[in-house]
Amino acid sequence: MKGLGVRGWLLLGLVTVVVLAATGVWNPFPALWDWVDRSKPISEPDVVWQQRVGGTPRSVTIAGDTVIVEQRTRVEARSLADGSQLWERKADWSAVAGGDRDPVVAVGRLLDKGYEVLDPVSGVTRRRDDRAIAVWTYRNLLLDAYCVRATDCTLRAWEPRGTAPLWSAFLPGVHSGVLADNPELLGTRRLGATRIDGGVAGPEGVPPLLGFPVDGRVHVVDTATGRVLQNVEPGREERLAVVGGRLLRIAATSRDGSCYYTVTAVDPATGQQVWRRTGINLRTADYAGCVQREDPQGARNVLIGVAPDGREAVLDGYDGRLLQVGADGEKLLAVDDRYAVVRSADKGSLLGRELSVDRTRWTRPAGGKSGAALTPYAAVLSEEKPSRLIAVEPREGRVLVELRTSANALAVGPNGMIIGEGREIGYVRWGAGAAGVPGPGRDGAPVSPDPGGSWRPPSDQGSCGPKRELCVDGK
């Protein structure tokens, strides 16, 4: 034994470890590999949990007590509590429908008709369809469309966990080919933000009316009854959009080297004009002869426009009211039916405004590259140099969580958000148990302290419309 030397002793030790591992007495290799493969924390303070998923996520959605991660060729579900994998399926696309209490996951394969509706916790198939070529997912509804011929299609509405259609409607075509999940309809174009995913808010409530483009015409469908209210062809200088329960006819005319805009809102049920505004640029046209190639900017039932003096304005799509007109040099970063986040003219501050009273509710310092997004549960802010992600209560601006991280905000839920960088995702909880963080209210939305009673949860855009105009006596 004296002649073994250092190398001999190392070899003997290695052989001993291998024998012990093979006989099950002691196996250090799993722990050693976990140490080698340990991921660097993606934020400071650390997240509740951090997991490496199978591929770079295309989308991440919080669905009740689960996290649905869509990748290029598969979809997986993870526990919101600890990030452990619950199930995995091969799929080319996935989309979440339903609210916090009744979520489901629709999955399908490209170039194949049909889809499956899965339980997000177990992955068990709740419903299967073999004909649909397109699926649209909302918080309170799931729509699909199938075609027996190119000009003979049927649109159907389902409750997220329903087993029979609520209604069906005829459409003279949808589009050629298989369209998978959430093909674009004629609505609004959301503002984007660096390091905040476009789907961070999750599924929204279905609008009262939807505009389906078919062969150069727009078919306006009432989502409460399935009635096709209008079948309209735009004029040569027009672009059509369906926003806030109205059909908008946006005209852009080139004259004297400038574009002149007129927005006319029509009640699709009667065909009557409801409101009209001139001079508001909804950013639908480019500079090539004022040709309109884009949907108007906005979200849910509101529109973003630019006044003739260059100031940005927020309009109510239902009645055309100016909900907010910004100061000179201010920049809208995010907007929804209730609030707006604005960057000040000197780029040194972010302002949180309540649209119903056109009032600044909170102010916080910001950099020139700040981004923002509004969700039902929080306003998410991104900062650069240094990199930060901040979530604040939308009305009062109270900080729910502030992270030093270069990761992206991927999904927001009632009690926290998912952040991610590459294949790493992690969950951060609001306030980490601190007092004063609003708890979930109706449909899981946080209830803000509001002694005056002026705060309202996100409006139900289902059967009654944004102003409850489709219900009898407003009930």
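Located above this text is the structure these notes cover.
Let me sum up the structure you'll find in this document. The shown structure was predicted, so the numbers you read here are calculated from the model rather than taken from an experiment.

**Some remarks on the pairing of strand 20 (residues 258-267)**
Note: strand 19 (residues 246-255) against strand 20, nine bridges, orientation antiparallel. Within strand 20, the residue paired with leucine 248 across the bridge is alanine 265. Taking the residues between adjacent antiparallel strands as the criterion, strand 19 and strand 20 are bridged by two residues, where aspartate 256 takes a positive phi near 55°. Of the pairings in the sheet, the one linking strand 20 to strand 21 (residues 272-278) comprises six bridges and is antiparallel in character. Directly across from valine 266, in strand 21, lies its bridge partner glutamine 273.

**Details of the pattern of salt bridges**
Pairing between side chains becomes possible if they bear opposite charge and their charged atoms approach one another. Tallied over the entire structure, the rule returns 31 salt bridges. For arginine 58, the salt bridge is made with glutamate 70, and the minimal N-O distance between the two is 3.3 Å. One end of the pair, arginine 58, is in the loop between strand 1 (49-52) and strand 2 (59-63); the other, glutamate 70, is in strand 3 (residues 66-70), and 12 residues separate them in sequence. Residue arginine 58 is classed as partly exposed on the basis of its relative accessible area, which comes to 43%. Since its relative accessible area comes to 6%, glutamate 70 is described here as buried. The shortest N-O distance in the salt bridge between glutamate 76 and arginine 78 comes to 2.8 Å. Just as glutamate 76 is buried, arginine 78 falls in that class too. Salt bridges sharing common partners tie together Glu354, Arg361, Arg395 and Glu396.

**Concerning the side chain of aspartate 119**
Within the element layout of this structure, aspartate 119 appears in the loop between strand 8 (115-118) and strand 9 (125-129). When its relative accessible area of 14% is taken as the criterion, aspartate 119 is described as buried. Once residues lying within four places of it in the same chain are set aside, the contact partners of aspartate 119 are Trp87, Val124, Arg126 and Arg161.

**Details of the packing of aromatic side chains**
According to the stated counting rule, one finds two aromatic pairs in the structure shown. Seen from their ring centres, tryptophan 136 and phenylalanine 212 are 5.4 Å apart, and the 85° between their planes marks the pair as edge-to-face. Of this pair, tryptophan 136 sits in strand 10 (residues 134-137) while phenylalanine 212 sits in strand 15 (residues 209-214), and the two are 76 residues apart along the sequence. A cation over an aromatic ring shows up here: arginine 127 above the ring of tryptophan 158, its NZ or CZ 3.6 Å from the ring centre. It is arginine 246 that lies over the ring of tyrosine 318; its NZ or CZ is 4.0 Å from the centre.

Thresholds applied
Residues numbered from 1 in each chain as written. Predicted model: local features only at pLDDT ≥ 70, side-chain atom pairs only at ≥ 80, totals over all residues. Heavy atoms only, no water. Pairing = 2+ DSSP bridges. Helix = DSSP H or I, 4+ residues; strand = E, 2+ residues; numbered from the N terminus. Salt bridge = Lys/Arg side-chain N within 4 Å of Asp/Glu carboxyl O. Buried < 20%, exposed > 50% of the residue type's maximum accessible area, 1.4 Å probe, protein only. Contact = heavy atoms within 4.5 Å. Phe/Tyr/Trp six-rings, centres within 6.5 Å; stacked < 30°, edge-to-face > 60°. Lys NZ or Arg CZ within 6 Å of the ring centre and 35° of its normal.

All quantities given are derived from atomic positions and should not be read as evidence of function.
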